[in-house]
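Residue-level listing of the chains:
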Amino acid sequence: MGTTSTSALTTGQGNPRRVRAGWVSGYVLRVIREQLGHTQETLAEALAVSADTVAGWATGRRPLTALAVGQMLVHRHRLLRMGARPALLHTLERGLEADVLLAHALEDGGDPADSPLGAWVMQRDLVEVLVWPLTGVTPEPMRALQIPARPRRGPVACRPELTWEERRRFFGHVRRMAEEADTDRQFLLRRQALYLAGYDASPDTSDWITQQRKAERPSGWLTRWLTSRFVAAVAARQGDRATGRQGDRERMRHFIATTLDDDEAGEMANLNYWAYWIGESANPELSDDFIATPGPLTWNGDRLLHHLVRGIVPHHGFFDLNVHTLWALLAARPGLLRTGSDAGHALRAQLPVLLDGTTASTRARRELEGIRYAIRLAEV
């Protein structure tokens, strides 16, 4: 691995395609440099490279994905010793993955079977970074950063940027992957391509997704469950982007009522899906089968608790799903509230406001009352 280059994906014969551009990783490296208080020249000296090399990394002219894996690890370790924040270095790693996925899509390469979109089940930390240059929504680890202001010469990008043509090509690629993927043998590829296509702000996106839904015939309980969840999630997210408010909350409520409520297998799948999505499990999954794993939960739940508490925002399209998932998590793991965690205190403070509001559905209000009762039990 130390001599393997991340500069190119390869064809089946091992022949490299063209060098990747570093849209995301270059921008994150620039943020790390500014967080450390370095200029391009002083960072170059610290990393034992030329200032032109650092400038090339930042612009994508010399993408970081072109470095050998071993050399990239050396730079990462040096940045860590220099004081770079671990969360930023983690985002840099995800940025490298995102750049490879973006480049493959922009090349619109070949057979769906070769697409990295179906190689493993993606998690939130990667997806947020991947869609960052497509949507402009800053990934969570980057939102709280306060980078010292420095004098600048000319305009400077405030996020990774793709041109309009590059965005058009990316969404065209993921649509093609979704349309051409075999609905049985390549279900993961199709599902993840459809999910990414849902970030497209084009006016025809909703109609295209509807057509794709009508064209497929999900076989098996898990594929039907995942398809139903995907439809509800895209509807909620599309509405949020278009209006800045609730999204299609009725579609999400229908998913909860018909696919989760009073269905033990559906509830377990929902918890497993969420836990993997936000990183409770460090091990990548190669298929969706783990979601339907029966029996006791194999993950802690603390990270999921914190994530769900932060996500209980009344005007958000995922509000009802977040409330329901939190209610189910505390039913499965009541001990999470006995640790005196910050999430528990924040939840306790939020509940009166949420219950006094007018936006919660009858089910969500009932589940919020159940959460309040669980907090009282934990305090006994």
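If you're wondering where the values come from, they're calculated on a predicted model, not measured in any experiment.

Chemist: Please clarify how the pattern of salt bridges should be interpreted in this entry.
Modeler: Side chains that differ in charge, positive against negative, can pair when their charged atoms come close. Within this structure, the stated rule accounts for 20 salt bridges. Residue R94 pairs with E97 through a salt bridge whose shortest N-O separation is 2.7 Å. On the criterion of helical spacing, the pair formed by R94 and E97 is a turn pair, its members being 3 residues apart in helix α5 (residues 86-107). Overall, the relative accessible area of 18% leaves R94 in the buried class. The closest approach of N and O atoms between R175 and D200, which form a salt bridge, is 3.4 Å.

Chemist: Just checking my understanding: could you explain the side chain of H307 for this structure?
Modeler: Its place among the elements puts H307 in helix α14 (residues 302-310). Looking at H307, the relative accessible area reads 14%, which means it is buried. Not counting residues within four places of it along the chain, the set of residues in contact with H307 comprises R124, W274 and I278.

Chemist: So what exactly am I meant to see when it comes to the packing of α14 against helix α15 (residues 319-332) here?
Modeler: Packed helix pairs are specified by the crossing angle of their axes together with the interaxial distance, meaning the distance between the axes. Between α14 and α15, the least distance of the axes is 9 Å, while the angle of their chain directions is 150°. Taken together, the axis directions place α14 and α15 in an arrangement best described as roughly antiparallel. In this structure, the crossing between α14 and α15 has a hand that is left-handed. Between α14, through L304, L305, L308 and V309, and α15, the contact on the second element is made entirely by N322, T325, L326, L329 and L330.

Chemist: What is the right way to read the packing of helix α9 (residues 187-197) against helix α10 (residues 205-215) from this model?
Modeler: One way to put it is that α9 packs onto α10 with a least axis distance of 10 Å and a crossing angle of 160°. Considering the angle they form, α9 stands roughly antiparallel to α10. As for how α9 packs across α10, the hand of that crossing is left-handed. Each of R190, L194 and A197 in α9 lies in contact with α10, whose residues at this interface are T205, W208 and Q212. Split into classes, the residues belonging to the contact of α9 with α10 amount to 3 nonpolar, 2 polar and 1 charged.

Chemist: When you look at the environment of E369 in this model, what are you seeing that I'm missing?
Modeler: Mapping E369 onto the fold places it in helix α17 (residues 362-379). Through-space distance from the C-alpha of E369 to that of W327 is 9.4 Å; in sequence the pair is 42 residues apart.

Chemist: Which parts of the structure should I look at to understand helix α1 (residues 23-36)?
Modeler: Residues separated by three or four positions in an α-helix point in the same direction, a consequence of the helix having 3.6 residues per turn. Here α1 contains 14 residues, and its C-alpha end-to-end distance of 21 Å stays within 8% of the 20 Å for a straight helix at 1.5 Å per residue. Across the 14 residues that make up α1, a large majority, 14, are buried. A positive backbone phi angle near 80° is found at G37, which sits one or two residues after α1.

Chemist: Explain empty space enclosed by the protein here, please?
Modeler: Picture a little ball the size of a water molecule; that probe, rolled over the atoms, points out where space is still empty. For the coordinates displayed, the defined rule picks out 7 cavities of 30 Å³ or more. Lining the largest cavity are V121, M122, V127, R191, Q192, Y195, Y273, Y276, W277, F290 and I291. For the lining of the largest cavity, the per-class residue count stands at 9 nonpolar, 1 polar and 1 charged. When its volume is computed, the second largest cavity comes out at roughly 70 Å³. Around the second largest cavity, the lining residues are F187, R190, R191, L194, R213, E216, L226, T227 and F230. Listed by contribution, the elements that provide at least two residues to the lining of the second largest cavity are α9 and α11 (221-243). The greatest single-element share of the lining of the second largest cavity, amounting to 4 residues, is contributed by α9. Considered class by class, the residues forming the lining of the second largest cavity number 4 nonpolar, 1 polar and 4 charged.

Chemist: How do you make sense of unusual backbone geometry when you look at a structure like this?
Modeler: The bulk of non-glycine residues show a negative phi, and the bulk of peptide bonds are trans. Positive phi, normally seen in glycine, also occurs at A48, with a value near 60°. Secondary-structure assignment places A48 in the loop between α2 (40-47) and α3 (51-59).

Chemist: So what exactly am I meant to see when it comes to the confidence of the model for the chain here?
Modeler: In low-pLDDT regions, the fine details of the predicted coordinates are not to be read closely. Of the residues in the chain, 88% have a pLDDT of 70 or more, and the chain-wide mean is 85. Put simply, α11 is where the chain has its lowest mean pLDDT, 78, and α2 is where it has its highest, 96. Here residues 1-20 scores under 50 on pLDDT; set against residues more than four positions off or in separate chains, the count is 50 contacts. The low-confidence segment residues 240-245 (pLDDT under 50) makes 15 contacts with residues lying over four places distant or belonging to another chain.

Chemist: Can you walk me through the layout of surface pockets in this structure?
Modeler: Roughly 890 Å³ of internal volume is contained in the largest pocket. The wall of the largest pocket is formed by 28 residues, among which R124, E128, R143, H316 and F318 lie closest to the centre. Of all elements in the fold, only α6 (124-135), α7 (140-143), α11, α13 (264-277) and α14 reach the threshold of two or more residues within the lining of the largest pocket. Here the residues of the lining of the largest pocket sort into 13 nonpolar, 6 polar and 9 charged.

Chemist: Just to check I follow, could you spell out the nonpolar core for this structure?
Modeler: The nonpolar side chains of a soluble globular protein tend to be buried, and buried together. Among the nonpolar cores identified, the biggest contains 110 residues, and I32, L79, M122, F170, L196, L326 and L347 are the most heavily contacted of them. Take this core: its biggest share by element is 10 residues, from α5. Leave out the neighbours within four places in its chain, and L326 touches L305, L308, V309, I312, L347 and I371.

Chemist: Hey, could you run me through α5 in this one?
Modeler: The terminal C-alpha atoms of α5, which comprises 22 residues, lie 32 Å apart, in line with the 32 Å expected from a rise of 1.5 Å per residue. With 16 of 22 residues buried, α5 lies mostly within the body of the structure. Remark: D108 follows α5 within two positions and exhibits a positive phi of approximately 50°.

Parameters at a glance
Residues numbered from 1 in each chain as written. Predicted model: local features only at pLDDT ≥ 70, side-chain atom pairs only at ≥ 80, totals over all residues. Heavy atoms only, no water. Salt bridge = Lys/Arg side-chain N within 4 Å of Asp/Glu carboxyl O. Helix = DSSP H or I, 4+ residues; strand = E, 2+ residues; numbered from the N terminus. Buried < 20%, exposed > 50% of the residue type's maximum accessible area, 1.4 Å probe, protein only. Contact = heavy atoms within 4.5 Å. Axes fitted to C-alpha atoms, helices over the stretch in contact; angles between N-to-C directions. Parallel < 35°, antiparallel > 145°, perpendicular 65-115°, else oblique. Left-handed = near helix turned anticlockwise from the far one by under 90°. Nonpolar A, V, L, I, M, F, W, Y, C, P; charged D, E, K, R; others polar. Expected span 1.5 Å × (residues − 1). 1 Å grid on protein atoms, 1.4 Å probe; cavity = no way out; pocket = protein on both sides within 12 Å on 5 of 7 lines; lining within 4 Å. Points joined across faces, edges and corners; volume = space filled by probe spheres on them. pLDDT = per-residue confidence, 0-100. Core = buried A, V, L, I, M, F, W, Y, C linked by side-chain atoms within 4.5 Å.

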